[in-house]
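# Tertiary structure, described
Here is how the chains run, residue by residue.
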Amino acid sequence: MMFQIFFTIFLTGLLCGESKYIEYNTSQRIVPGKINVHLVPHSHDDVGWLKTVDQYYVGANNSIRNVLDSVISALLEEKNRKFIYVEMAFFQRWWRQQSEALQTKVKELVSSGQLEFINGGMCMHDEATSHYIDLIDQTTLGHLFIKREFGHIPKVGWQIDPFGHSAVQAYLLGAELGFDSLFFARIDYQDRAKRIDDKNLEVVWRGSKSLASSSQIFTGIFPRHYDPPDGFVFEINDVSAPIQDDILLFDYNVQERVDDFVAAAVTQANVTRTNHIMWTMGTDFRYQYANSWFRQMDKFIHYVNKDGRVNALYSTPSVYTEAKHAANQSWPLKTDDFFPYADHPNAYWTGYFTSRPAFKGYVRAMSSYYLVARQLEFFKGRRSSGPNTDVLADALAISQHHDAVSGTQRQHVASDYAKRLSTGYMEAEDLVASSLAFLAESNLSIRKGVVSTQFHQCPLLNISYCPPTEAALSKGKTLVVVVYNPLGWKREEVIQIPVPTEWVTVQDSSGKEVEFQLLPQSDATLSTRNFYVKAYLGTTPSVSVKYWLAFSASVPPLGFSSYAVSVMKQTGPSTSISSVYKSQRTKDKIIEVGPGNLKLLYSAVEGKLTQYYNSKTLNTSVSAEQSYGYYSGNDGSDKDPQASGAYVFRPNKTFSIKSDSQVPLVIMRGPLLDEVHQKVNPWIYQVTRLYKGKEHAEVEFTVGPIPVDDGIGKEIITQITTTMKTNKTFYTDSNGRDFIRRVRDYRTDWDLQVNQPIAGNYYPVNLGIYMVDSSMELSVLVDRSVGGSSLVDGQIELMLHRRLLHDDIRGVGEVLNETICVHDKCEGLTIQGKYYFRIDPIGEGAKWRRTVGQEIYSPLLLAFAEQDENNGSNLHLPTFTGIDPSYSLPNNVAVITLQELANGEVLLRLAHLYEIGEDKDYSAMTSVELTKLFPNKTISKVVEMSLSANQERAQMEKRRLIWKVEGSPEEEEEPKLRGGPVDPDKLVVELAPMEIRTLLIDFDHPQIFSL
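The structure reproduced in this document is the subject of the present report.

Rules and cut-offs
Residues numbered from 1 in each chain as written. Predicted model: local features only at pLDDT ≥ 70, side-chain atom pairs only at ≥ 80, totals over all residues. Heavy atoms only, no water. Helix = DSSP H or I, 4+ residues; strand = E, 2+ residues; numbered from the N terminus. Rg over C-alpha atoms; globule rule 2.2 N^0.38 Å. Buried < 20%, exposed > 50% of the residue type's maximum accessible area, 1.4 Å probe, protein only. Areas by Shrake-Rupley, 256 points an atom, 1.4 Å probe, with all protein chains shown as cover. Pairing = 2+ DSSP bridges. Phe/Tyr/Trp six-rings, centres within 6.5 Å; stacked < 30°, edge-to-face > 60°. 1 Å grid on protein atoms, 1.4 Å probe; cavity = no way out; pocket = protein on both sides within 12 Å on 5 of 7 lines; lining within 4 Å. Points joined across faces, edges and corners; volume = space filled by probe spheres on them. Nonpolar A, V, L, I, M, F, W, Y, C, P; charged D, E, K, R; others polar. Lys, Arg positive; Asp, Glu negative; His and termini not counted. Salt bridge = Lys/Arg side-chain N within 4 Å of Asp/Glu carboxyl O. Patch = residues over 30% accessible without salt bridge, like charges linked within 9 Å, V, L, I, M, F, W, Y side chains within 5 Å. Disulfide = S-S within 2.5 Å. Contact = heavy atoms within 4.5 Å. Expected span 1.5 Å × (residues − 1). Arc of directions from axis to C-beta. Polar contact = N/O pair within 3.5 Å; in protein donor to acceptor, adjacent residues only side chain to side chain. Axes fitted to C-alpha atoms, helices over the stretch in contact; angles between N-to-C directions.

### Here's the deal with the overall build of the chain
From N to C terminus, the chain includes 20 helices and 49 strands. Relative to the compact-globule value of 30 Å for 1011 residues, the chain shows a C-alpha radius of gyration of 30 Å, a close match. Its C-alpha atoms give the chain principal-axis dimensions of about 115 × 70 × 65 Å. Residues classed as buried in the chain amount to 62% of the 1011 residues present. Roughly 38200 Å² of accessible area belongs to the chain as shown, and the carbon and sulfur atoms make up 50% of that amount.

Pasting the structure below:
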């Protein structure tokens, strides 16, 4: 009987119903008084991760080319549809393959707002392990492409996938770009829960205490991930039920799906302020077949709006931001940052702060090289043909991706990133060599384009491999060393190069002999050199080096000095070889090291540092120890299957590494520097250097191969321990820029439940980490991104290397076990790096951190040429400075960009290096005189631009949205001090603390230097 009733109803529907074309009403409108659901179609496209960037672009699945082809076609079909796109590395690849006709149509889509570029950098960069200069460069590269091709200026930040979020991202890579808002997904699970309860997912974020409200940004945190609510994912093969609105077909479900939509909208609206909510309609590599998404969204907009309970519309983050601003709402205030990030009680994503340390070091080295290459290209004059920095720029840009410099990619992808950097370096190396030769030659005919001097560089100098220094001296020729300084102040530093003989002498450009020192090469250094030269180049070094030649170099700002290293006649034992002393446990108790004011005291019995003393700055010696240890990586075999891996740091146990007291300390002493060599164990070797003219200690560590034959992954740390009373407090930098106060086991935004007392207190360190007590401060600076913390009062800890045997189940699907092979022999990767430490009276450490930190980022560049020994009369040892010889930049300012663009304009960025209140002398307004920065050119026009140089700063400020902040008075606080406009007559640029000013400069005539 029931079957007969059902059949009768069904048959009546077939007879009375009609299946026909439905025109869906998708017109965009915002309805006051209703929940407005902003549907934002997007695809998150990783610029490398499980596959390389090019494999992702052309791949059979997860093909970004398919995504863009499909999306553009779908947008052209229906004028109300919208889509946002982020990664210009992919869009550039697609754009250059399109016909002129299609390019015209795409430009119309951009002009109409259907296609909107969001973020707009070459990639969605990492925010923990990247340097602020790299972030600026990669964003500028993307923004200028967008401006050039489309005349469009991105208005919104879209950092949806990085694993935590930095203060620098908020104010520098957000507000200073002219962005109106910033959106992301990943924050700590405890933080998200509290924000949901308090309806504080959307805030006004002030990332800089120096720039404060003048550089704040509206920030939205998604209530879940960056995908749609459950049940609204419509990629091919996804399981969400589509709207079935053909009444002649089974499973007609329009009302059911509308009810689902309304329920999900109300749920989100209950945790969101105002009547506007955003649904991120997409996720990783979606829209391979865009119509599967747009067809369903067309239907939802049509039927939901007919239902009338809520309003749905195609939207973008820009439209959503404008709606939020129009609501005239006051928003909670957020300061500092969103580190560390955990998505589970035992899953702190703090391991990637150190993962793949060799690659992190390579990215940092190439970053500084890119800065130098652009400077030298400017001084020489940009050419329309010949070598340039474009390939290196592109490689560096995609290396900032949040699965690149982070170290969270698969091994073959890491190799691809490194290969791209190497390719870019080789072309930039040619540019640097030709620029130096051009600037070094004094013959007028040479200036007309014929360059005779051949300069060579040594990218493997860190492992004591430098063929130019070895070959020239082995053949009895004179080695010319050109030392270039990319900073705006004069530098006095000790240069070290490997040489095959002790019979050498060094002269400066005036012919005066320069004091030098020879340090015997250690067995550990030579072993590393031989193995890795074979691994990298496939050859064995042809010359045996015996010594490091160290000599003092004095280098002018934005210029170079030259030195000659010659072979001299053997007249007896060389007096320049460092004295070498091996400690003896039975004789020695305390060994003092240091040729200058700074002294380190070592216990010969224990083979370790015990005391730190500076006769110039400290009244007394300070108890200080330095040690190594490791965490055994959790294998995920307990109740919680979370293992330590590329992303996640989950230590199991802590182990100290005791120095082998049977291996004596080796001390090398000389007039320029002292070295302490320590073989800590078979796979850790350390050299501590103290220079006569420096007030800090330099520690060079060689770690690896980390043994894992016991089946246990290991995460290697070093610790500096003092008796300072630091009250759980320490400070780490944000992308090499501002320092942020950290308190152990504490968060400013919620009451932290401590589940991982070690991993949960780790933070990213790009520039340095320091701690203070009532009388002194200990600072440590690094040469690449690492993870760091202060887990015990008075102690600073850095993680230097990781080798693990289990995947942490966060998608990469590969263990972090880096190896290197020569023939059939494979072993774990060895890391060589440096960190620097110093103890100052309280309030005095900032000068060292900022000055030396900048010098670490921008090391002196060395280039080499050879000349015949008997041709001394024609020996050229020029000096050069690109600025007025009587001028140098203030000590609190750095030139972070000096680049001639293709159109002949010059892009100049000047950065104030200090925060407000950081230093009693340098945390103040300062200025740069452009006429002295460019003494040989006539400046015709200076225009201040946004940080990415895609719009005039004045216009950017005019259209900046002003946001109300909870608890602030009606009269908003005055913006913190900023430099004033550049007077076209005086041409002086003012900079306030933490301010970066970006200028486009036109010159009247080509530059001609006097040498």
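### A short note on the pairing of strand 15 (residues 491–499)
Strand 15 sits mainly inside the fold: eight of its nine residues count as buried. Relative to strand 18 (residues 547–555), strand 15 runs antiparallel, the two sharing nine bridges. Within strand 18, the position partnered with Gln496 by the bridge is Ala550.

### Quick notes on the sheet that holds strand 6 (residues 202–205)
In spatial order, the strands read 4-5-7-6-11; together these five strands make up an open sheet with mixed pairing. Of all strands in the sheet, those bounded by a partner on one side alone are strand 4 (156–158) and strand 11 (333–334). Sheet topology note: the strand 6/strand 7 (residues 217–221) ladder contains four bridges and is antiparallel. Across the sheet, Glu202 pairs through a bridge with Gly220, a residue of strand 7.

### Digging into the packing of aromatic side chains
In total, this model carries 58 aromatic pairs according to the counting rule given. Ring geometry for Phe339 versus Phe353: centroids 6.1 Å apart, planes at 85 degrees, classification edge-to-face. Taken as a pair, Phe339 in the loop between strand 11 and strand 12 (342–344) and Phe353 in the loop between strand 13 (347–348) and helix 12 (357–380) lie far apart in primary sequence, 14 residues in all. An identical accessibility class is assigned to Phe339 and Phe353; each is buried. With 5.9 Å between their ring centres and 65 degrees between their planes, Phe730 and Tyr763 make a pair best called edge-to-face.

### Description of empty space enclosed by the protein
Per the counting criterion, the structure on display carries 12 cavities of 30 Å³ or more. Size it by volume and the largest cavity reaches roughly 140 Å³. Residue lining of the largest cavity: 15 residues in total, with His131, Gly736, Leu767, Gly853 and Gln854 positioned closest to the centre. No other element matches the six residues that helix 18 (residues 845–857) contributes to the lining of the largest cavity. Looking at the lining of the largest cavity residue by residue, the class counts come to six nonpolar, five polar and four charged.

### A few points about the side chain of Lys360
As for its position among the elements, Lys360 is in helix 12. At 6.8 Å, Asp126 is the nearest oppositely charged side chain to Lys360, a buried residue that forms no salt bridge.

### A closer look at a nonpolar patch on the surface
Nonpolar side chains collect at one region of the surface, where Ile247, Leu248 and Tyr252 lie side by side and expose about 260 Å² of accessible area between them. When its relative accessible area of 43% is taken as the criterion, Tyr252 is described as partly exposed.

### Points about the state of the cysteines
Overall, the coordinates contain two disulfides when judged by the stated rule. Bridging Cys458 to Cys466, the disulfide has an S-S length of 2.0 Å. Taking the torsion about the S-S bond as the criterion, the Cys458 to Cys466 disulfide, at about 60 degrees, is right-handed. For the pair shown, Cys458 and Cys466 are each scored as buried. Paired through a disulfide, Cys821 and Cys826 show a sulfur-sulfur distance of 1.9 Å. Every disulfide takes its handedness from the sign of the S-S torsion; for Cys821 and Cys826 that torsion is 105 degrees, giving right-handed.

### Here's the deal with the environment of Val482
Considering the arrangement of structural elements, one finds Val482 in strand 14 (residues 478–485). Taking relative accessible area as the criterion, Val482 reaches 2% and is therefore assigned buried. Separated by 171 residues in sequence, Val482 and Asn311 have C-alpha atoms that sit 67 Å apart. Those residues in contact with Val482, other than ones at most four positions away along the chain, are Leu436, Phe455, Phe560, Ser561, Ser562, Leu861, Leu862 and Ala863.

### A word on helix 13 (residues 390–399)
Taking burial as the measure, the 10 residues of helix 13 include seven buried ones, the bulk of the element. Taken together, the buried positions of helix 13 are Leu392, Ala393, Ala395, Leu396, Ala397, Ile398 and Ser399. If you follow the buried residues of helix 13, they end up packed against helix 2 (53–58), helix 4 (88–95), helix 6 (132–150), helix 12 and helix 14 (411–440).

### Brief notes about helix 5 (residues 100–112)
Its 13 residues place the ends of helix 5 19 Å apart at the C-alpha level, agreeing with the 18 Å of an ideal helix rising 1.5 Å per residue. All of the buried residues in helix 5 are Gln103, Val106, Leu109 and Val110. Along the axis of helix 5, the buried residues cluster in a sector spanning 110 degrees; they form a single face. Those residues of helix 5 that are exposed and angled more than 90 degrees off the buried face are Glu100, Ala101, Glu108 and Ser111. Those residues of helix 5 that are buried lie in contact with helix 3 (64–77), helix 4, strand 3 (115–117) and helix 6. Gly113 lies just past helix 5 and shows a positive phi near 90 degrees.

### Some words on the environment of Glu866
Inspection of the secondary structure assignment puts Glu866 in strand 41 (residues 861–867). For Glu866, a relative accessible area of 35% gives the class partly exposed. A C-alpha to C-alpha distance of 21 Å links Glu866 and Val494, two positions 372 residues apart in sequence. Apart from the residues lying within four places of it in its own chain, the contact partners of Glu866 are Ala472, Lys475, Lys477 and Thr478. A distance of 3.2 Å separates the side chain of Glu866 from the side chain of Lys477, its partner in a polar contact.

### A few points about the sheet that holds strand 9 (residues 311–314)
Pairing is parallel in the open sheet, where three strands are placed in the order 8-1-9. The outermost strands of the open sheet, each flanked by one partner alone, are strand 8 (276–281) and strand 9. Going from strand to strand, the sheet's axes swing by 25 degrees on average, the running direction of each strand aside. Pairing geometry for strand 1 (residues 36–41) and strand 9, over four bridges, is parallel. Each bridged residue has a counterpart across the sheet, and for Val37 the counterpart in strand 9 is Ala312.

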